[in-house]
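# Observations on chain architecture
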Amino acid sequence: MLVSKRSKVLTALLALCSGLGAPAVFAEELYVLDTTCSTPTSPNFSCQVKAIDVDDTTEYRHRFGSRTVSYRVMEDPYVRIEGQAYQGAPWTSVKNASINFKKEELCFNSKAFCVNNPTFLADVLTQGGQAIQGRTRLGMAFAGNGRVDVTCFDNGCDRLMEAIQK
């Protein structure tokens, strides 16, 4: 009887101590896409996008050559996007993002990095409902805290980009 009480106490202590370690990270791969990416200095190059749900964010890892550039989308407590210049670098808030549905292109920070990702854009169209059906472009500018500050559609995005350049 004394042995079973000790084993219960040890089991409880082990369970308690195991909870003190690093939190478990839940990651699930959603898809892998071979596509093209671009930067202002490299107009089109092959890259691979790996979309992964990591806890309550979705990360999009863009691999080309030996380099990986990542972006993550978070929705709680508000929609925001952060970028990571290379694996292990700190995550920083994206200043702006734009989507061109006709080109199937998503760009970050005034086209500093763009990717052709029809899989992601199909999800955007589906989740956006009637508000974005028939739209050709969608843009967002983010405040300093990463929260969406301004959203634009179609020709309104030209005006937003003009304001961002000032």
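Located above this text is the structure these notes cover.
Computed from a prediction, not measured in an experiment: that's the story for all the values here. (Residues numbered from 1 in each chain as written. Predicted model: local features only at pLDDT ≥ 70, side-chain atom pairs only at ≥ 80, totals over all residues. Heavy atoms only, no water.)

### Some remarks on the environment of Tyr78
Spelled out, the test is: Secondary structure elements are defined from DSSP: runs of H or I of at least 4 residues count as helices, runs of E of at least 2 residues count as strands, and each element is numbered from the N terminus. In this analysis, two residues are considered to be in contact whenever any of their non-hydrogen atoms come within 4.5 Å of each other. Definition of a polar contact: a pair of N or O atoms within 3.5 Å, with one able to donate and the other able to accept a hydrogen when the atoms are protein atoms, and with sequence-neighbouring residues admitted only if both atoms are side-chain atoms.
By secondary structure assignment, the location of Tyr78 is in the loop between strand 4 (67–74) and strand 5 (80–84). Put simply, Tyr78 and Gly146 are 68 residues apart on the chain and 9.0 Å apart in space, counted from C-alpha to C-alpha. If we skip the residues at most four places from it in the chain, Tyr78 touches Asn145, Gly146 and Arg147. A polar contact is formed between the side chain of Tyr78 and the backbone oxygen of Asn145, at a distance of 3.4 Å.

### Focus: the pattern of salt bridges
Applicable threshold: Criterion for a salt bridge: a side-chain nitrogen of Lys or Arg within 4 Å of a carboxyl oxygen of Asp or Glu. The buried label applies to any residue whose accessible area, calculated with a 1.4 Å probe on protein chains only, is under 20% of its type's maximum; exposed applies above 50%, and partly exposed to all values in between.
Inspection of the entire model under this criterion finds 5 salt bridges. With its nearest N and O atoms 2.8 Å apart, the salt bridge here joins Glu59 to Arg61. Look at Glu59 and you get buried, because its relative accessible area is 9%. One salt bridge connects Arg135 with Asp154, and the closest N-O pair in it is separated by 3.1 Å. Note that Arg135 is positioned in the loop between helix 2 (118–128) and strand 10 (137–142) and Asp154 in the loop between strand 11 (148–153) and helix 3 (156–165), a separation of 19 residues in sequence.

### Some details on a negative patch on the surface
Heads up, the condition is: Surface patches are defined over residues having more than 30% relative accessible area and no salt bridge, joining like charges when they lie within 9 Å and nonpolar side chains (Val, Leu, Ile, Met, Phe, Trp, Tyr) when within 5 Å. Residue exposure ignores everything except the shown protein chains as possible cover, and the areas themselves are Shrake-Rupley values with a 1.4 Å probe. When charges are counted, Lys and Arg contribute as positive and Asp and Glu as negative, whereas His and the chain ends are disregarded. Note on charges: their place is set at NZ of Lys, CZ of Arg, CG of Asp or CD of Glu.
A contiguous patch of negative charge, built from Asp55, Asp56, Glu75 and Asp76, is present on the exposed surface. Looking at the secondary structure, you find Asp56 in the loop between strand 2 (45–54) and strand 3 (57–64).

### A word on unusual backbone geometry
Note that the residue after Asp76, namely Pro77, is joined by a cis bond; omega there is 5°. Tracing the chain through its elements places Pro77 in the loop between strand 4 and strand 5. Even without glycine at this site, Asp55 takes up a positive phi of about 50°. A positive phi angle is found at Ser110, which is not glycine, with a value near 55°. Looking at the element boundaries, Ser110 is found in the loop between strand 8 (105–108) and strand 9 (113–116). We classify Ser110 as partly exposed; its relative accessible area is 33%.

### Remarks on helix 2
Heads up, the condition is: What the arc measures is the spread of directions leading from the helix axis to the C-beta atoms.
Of the positions making up helix 2, those classed as buried are Phe120, Leu121 and Val124. Buried residues of helix 2, seen end-on, are gathered within an arc of 95° and therefore sit on one face of the element. If you follow the buried residues of helix 2, they end up packed against strand 1 (27–38), strand 3, strand 7 (96–100), strand 8 and strand 10. Measuring from the backbone nitrogen of Thr119 back to the side-chain oxygen at the start of helix 2 gives 3.2 Å, which picks out Asn117 as the cap. The first or second residue beyond helix 2 is Gly129, which carries a positive phi of 60°.

### Considerations on the nonpolar core
Our working definition: Here, the term nonpolar core denotes a set of buried Ala, Val, Leu, Ile, Met, Phe, Trp, Tyr and Cys residues that are joined through side-chain atoms within 4.5 Å.
Counting residues in each nonpolar core, the largest one holds 27 residues, and the members touching the most others are Ile81, Ile99, Phe108, Phe113 and Phe120. For this core, the element with the most residues is strand 2, which contributes 4 residues. For Phe108, the residues in contact, after removing those within four places along its chain, are Tyr71, Ile81, Val94, Asn96, Ala97 and Phe113.

### As for the packing of aromatic side chains
Defined as follows: Stacked, tilted and edge-to-face are the three classes assigned to paired rings of Phe, Tyr and Trp, where Trp is represented by its six-membered ring and a pair needs centres within 6.5 Å; plane angles under 30 degrees give stacked, over 60 edge-to-face, the rest tilted. For a lysine, the NZ atom is tested; for an arginine, the CZ atom; a charge sits over a ring if that atom is within 6 Å of the ring centre and within 35 degrees of the ring normal.
Taken as a whole, this structure holds 5 aromatic pairs when the rule is applied. Among the aromatic residues, those joined into a ring-pair cluster are Phe45, Phe64, Tyr71, Phe108 and Phe113. Looking at Arg80, its charged tip hangs above the ring of Tyr78, at a distance of 5.1 Å from the centre.

### So, the state of the cysteines
A covalent bond bridging the sulfur atoms of two cysteines is what the word disulfide describes. Spelled out, the test is: Our working definition of a disulfide is a cysteine sulfur pair at a distance within 2.5 Å.
Following the criterion strictly, the structure yields 3 disulfides and no others. Note that Cys152 is cross-linked by a disulfide to Cys157, the S-S spacing being 2.3 Å. Disulfide Cys152-Cys157: the torsion about the S-S bond is 105°, which places it as right-handed. The exposure classification of Cys152 matches that of Cys157, with both residues buried. Cysteine pairing for the protein chain (bonded cysteines numbered in sequence order): 1-2, 3-4, 5-6.

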